[in-house]
Amino acid sequence: MFKNKVFNTPDSFQWVNEKEFWYKNNSENTDEYLLVDAKLKSQKEAFDHIRLAGALSEVLDEEVKPTSIKISELNFTEDEQYLDFQNDSLKFRLNLSDYHLAVTGSVNKKEQEKRYWGDRREKEKKEPVPSSNGRYKAFIKNFNLFLVDKNSGEEEQLSFDGSKGFYYSPNIIWSPDSKKILAYKVKPRQEHKIYFVESSPEEQLQPKLQSRDYLKPGDELDFKSPQLFHVSEKKHIPIPSDLFASQYNLFNYKWFDDSSAFTFEYNQRGHQVYRILKVNAETGKVEVIIDETSPTFIDYSGKRYRYDVEGENEIIWASERDGYNHLYLYDAVTGKIKNQVTSGDWPVRKVLEIDDDKRQIYFTASGFDNDQDPYLIHYFRIDFDGRNLTRITSENGNHKVTFSPDHKYYVDQYSRVDLPPVTVLKQTGKKKPIMELQMADISALEKNNWKMPEVFTAKGRDGTTDIWGVIVRPTNFDPNKTYPIIEYIYAGPHSSFVPKEFHSQYSTLQPLAELGFIVVQIDGMGTSNRSKAFHDVCWQNLKDSGFPDRKLWIKAAAEKYPYMDDERVGIRGTSAGGQSAGAALVFNSDFYDVAVASCGCHDNRMDKIWWNEQWMGYPIGPHYAASSNIEHADKLKGNLMLIVGEVDDNVDPASTMQFADALIKANKDFELVVLPGESHTSGGEFGERKRRDFFVEHLLNVKPPSWDKIYQD
């Protein structure tokens, strides 16, 4: 309904030098490639679209329309006489004087290595590892470390303590001076597989048994033991493991440039301690350089940031120790903080680039403005010493910036769910744009009775914190009618999820609204990108899912808009959202009436280790059971539909089946939709139909039509 109804919203800008860039614009009648000169403040067609379409048609022997040329990687030669580009299979050079087009090569399509996400082990090198000076090669044989001298061909064994149960990894790291080797031993963890039956494989009649390596909370993990070797002396120096004994992981081994020491990172099991450790390359003595601690959790999976400053013994490090995610400058030798780089009641969201020479950091942050949505992304620059904070964006919107190579100019595109995209050219250090590039045109949307989503805020459970969300209404909205409410929930603590950018349609929200609902999405407490205290609500309490805030938010919206019926409230979610949707009827049936839970992790002991131990902690305790939908299935009230893919290798499908089993034992009525051959999914076409019908029947009290008849008609 709303597809291809918004124009002048380019999404990619490619700088070809320090003053020129090109982009493709989706104007109403054509796709146009435009070239901008930032210095001259000019914008023109990058080439003659009609002539290029003709040249492409001749070379490709197929019609190419001037309004829909599909090319990429545009690059103008220095004299601007030629344009190099490619399509999905060929590379071309265009003579811009006579529009002669030549094929210059083929596009090598890189096949991404397919690797199962659940494989936590590092990919181990098979080949011998050469020393920095090329004289030696180190390798593993019979579980031990060996060395071969390229000059003499002599092979020597450096370690003798490796075994099948505690072997040396082939991931060997030479010191820059080629005099030392960092290797590490691995004591392999227990094996934990999940199994499922693919009932209806396309290539055969009989079902298939599938399995995956899949560690769950509480499982034993690999233990890594770094070892140091002095090559000329053939000396093995074991490294004491006292400071990294309870490992979730050790990684990121780095030698100092002068080979005097190396560092590595230690993530303690339970994620309440995270360290950067330094090992003296002469003695093997271990020192703590950075010792990050938290009484709840360190968000290593979402906020860890480390940068080793080029040519300096300094580390830029991210931490939430003062209540927000900020940057700190450390002395890498002494482990002392030189200074806090960023500070304030707002979080750094991402470090974009670091200029070692100018000692400057480019980063994004949110929550900087009290009069804006605290999730909107803005761009900044700051010096290493915390001075000269420069604001690069300020307009009330969610920003995406593309800098010129020298950072003198940048393209700034910003929008909100209730503000169509604005694309401007700016000069760093100047507040006002130097050139307007595009203003989005939504007139075609408005002609289709499209309704702008509304950003809505209400106070959370503490009475002071603003909770942000959006309200989506149907195109035939009538304020004189009453509408049931459906919440789309994803409360995973690893981020925030309410959309902040403009789109003509939000696929998880608008289609449901068109059936006669008001659909909302909310970021409650326990999600990320606000303060540490806001985030910590999830700690060992995933069943909370921000529900106290969500209920207050919906009630506040219904109070402002009486057509929103908060006596008829549904909820839907997938994965972590599936767990929350189930929890809505298990722990919050005082408010929610209908839920559809897809591929939910209904007991955090049944799901993947990294995600669940990050928020629920280690060791496993009674708090895991306290958050389990399965353990509390007897409390369920309302109408529940469970959807699961039978070969889901993201969330173990046994989680949904165990929830179903517990509901049956508790004599609870519910619907179960099992999707043959499907993995982690919201339901696909069939599941979507079942979900919509379920809400229509139980919230609108309307019997859905027969889909057989609809398909036949």
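Please read these numbers as outputs of a predicted model, since none were measured by experiment.

Scanning the chain from N- to C-terminus turns up 12 helices and 43 strands. The C-alpha atoms of the chain give 29 Å as radius of gyration, which agrees with the globular expectation for 713 residues (27 Å, within 12%). Taking the principal axes of the C-alpha coordinates as reference, the chain spans close to 85 × 75 × 60 Å. The buried share of the chain, taken over its 713 residues, is 54%.

Take the sheet that holds strand β30 (residues 378-383) next. Spatial strand order, β28-β29-β30-β31: 4 strands in an open sheet with antiparallel pairing. Two strands in the sheet have a free side with no partner beyond their single neighbour: β28 (348-355) and β31 (390-391). Pairing geometry for β30 and β31, over 2 bridges, is antiparallel. Looking at β31, one finds that R381 is bridged to T390.

Buried residues dominate strand β42 (residues 639-645), accounting for 6 of its 7 residues. For the segment spanning β42, helix α10 (residues 654-665) and strand β43 (residues 671-675), crossover handedness is right-handed.

Counting buried positions along β30 gives 6 out of 6 residues, so the element sits mostly inside the fold. Across the two faces of β30 the burial is the same, with H378, F380 and I382 and Y379, R381 and D383 all buried. Pairing of strand β29 (residues 360-365) with β30 involves 6 bridges; the strand directions are antiparallel. Looking across to β30, one finds that A365 is bridged to H378.

With that settled, consider the sheet that holds strand β22 (residues 273-280). Strand order in the open sheet formed by 4 strands is β20-β21-β22-β23, with antiparallel pairing between adjacent strands. Unpaired on one side and paired on the other, β20 (247-255) and β23 (286-293) mark the two borders of the sheet. Averaged over neighbouring strand pairs, the angle between their axes works out to 20 degrees when direction is ignored. Bridge count between β22 and β23: 7 bridges; the pairing is antiparallel.

Residues Y195, V197 and L209 make up a contiguous nonpolar surface patch of about 340 Å² in total accessible area. The residue Y195 is located in strand β16 (residues 193-198) in this model. Taking relative accessible area as the criterion, Y195 reaches 53% and is therefore assigned exposed.

Turning our attention to unusual backbone geometry. Of the consecutive residues Y618 and P619, the connecting peptide bond is found in the cis state with omega at 5 degrees. On the secondary structure map, P619 appears in the loop between α8 (609-616) and α9 (622-626). Positive phi, normally seen in glycine, also occurs at R359, with a value near 55 degrees. Mapped onto the elements, R359 comes out in the loop between β28 and β29. By relative accessible area, which is 29% here, R359 ends up partly exposed.

Attention now moves to helix α6 (residues 547-560). Taking 1.5 Å as the rise per residue, α6 with 14 residues should run 20 Å; its terminal C-alpha atoms sit 20 Å apart, in good agreement. Those residues of α6 not exposed but buried are F547, D549, R550, K551, W553, I554, A557 and A558. Considering only its buried residues, α6 is in contact with β36 (454-459), β37 (466-472), β38 (483-488), β39 (518-523), β40 (564-574) and α7 (576-586).

To continue, consider the packing of aromatic side chains. The final tally for this structure, using the stated rule, is 36 aromatic pairs. Seen from their ring centres, Y136 and W174 are 6.0 Å apart, and the 15 degrees between their planes marks the pair as stacked. With Y136 in strand β10 (residues 136-141) and W174 in strand β14 (residues 173-174), the pair connects residues that are 38 residues apart, well separated along the chain. You'll find Y136 and W174 in the same group, each marked buried. Ring geometry for Y362 versus F403: centroids 5.4 Å apart, planes at 65 degrees, classification edge-to-face. Placement of the pair is Y362 in strand β29 and F403 in strand β32 (residues 398-403), with a sequence separation of 41 residues. Overall, Y362 belongs to the buried group, its relative accessible area being 6%. Each residue in the set Y184, F244, Y253, W255, F262 and F264 is aromatic and connected to the rest through ring pairs, giving one cluster. For R321, the ring lying beneath its charged end belongs to Y328, and the centroid distance is 4.8 Å. Looking at K532, its charged tip hangs above the ring of F297, at a distance of 3.9 Å from the centre.

What follows deals with the state of the cysteines. Cysteine pairs can be covalently joined through their sulfur atoms, and such a bond is termed a disulfide. Taken as a whole and judged by the stated rule, the model has 0 disulfides. Unpaired in terms of disulfides, C538 finds its nearest cysteine sulfur in C601, a separation of 13 Å. The cysteine C599 is free of any disulfide, with C601 supplying the nearest cysteine sulfur at 10 Å.

Across its 12 residues, helix α1 (residues 49-60) extends 16 Å between first and last C-alpha, which sits within 8% of the 16 Å expected from 1.5 Å per residue. When α1 is considered as a whole, its buried residues turn out to be H49, L52, A53, A55, L56 and S57. Buried-residue contacts for α1 involve β3 (31-37), β4 (42-45), β6 (82-86), β7 (90-95) and β8 (101-106). Looking at where α1 begins, the residue whose side-chain oxygen comes 3.0 Å from the main-chain nitrogen of I50 is D48. D61 sits one or two positions beyond α1 and adopts a positive phi of about 60 degrees.

Parameters at a glance
Residues numbered from 1 in each chain as written. Predicted model: local features only at pLDDT ≥ 70, side-chain atom pairs only at ≥ 80, totals over all residues. Heavy atoms only, no water. Helix = DSSP H or I, 4+ residues; strand = E, 2+ residues; numbered from the N terminus. Rg over C-alpha atoms; globule rule 2.2 N^0.38 Å. Buried < 20%, exposed > 50% of the residue type's maximum accessible area, 1.4 Å probe, protein only. Pairing = 2+ DSSP bridges. Right-handed = clockwise from strand over helix to strand, strands pointing away. Axes fitted to C-alpha atoms, helices over the stretch in contact; angles between N-to-C directions. Patch = residues over 30% accessible without salt bridge, like charges linked within 9 Å, V, L, I, M, F, W, Y side chains within 5 Å. Areas by Shrake-Rupley, 256 points an atom, 1.4 Å probe, with all protein chains shown as cover. Salt bridge = Lys/Arg side-chain N within 4 Å of Asp/Glu carboxyl O. Expected span 1.5 Å × (residues − 1). Contact = heavy atoms within 4.5 Å. Phe/Tyr/Trp six-rings, centres within 6.5 Å; stacked < 30°, edge-to-face > 60°. Lys NZ or Arg CZ within 6 Å of the ring centre and 35° of its normal. Disulfide = S-S within 2.5 Å. Polar contact = N/O pair within 3.5 Å; in protein donor to acceptor, adjacent residues only side chain to side chain.

Bear in mind that shape data such as this cannot, by itself, settle questions of function.
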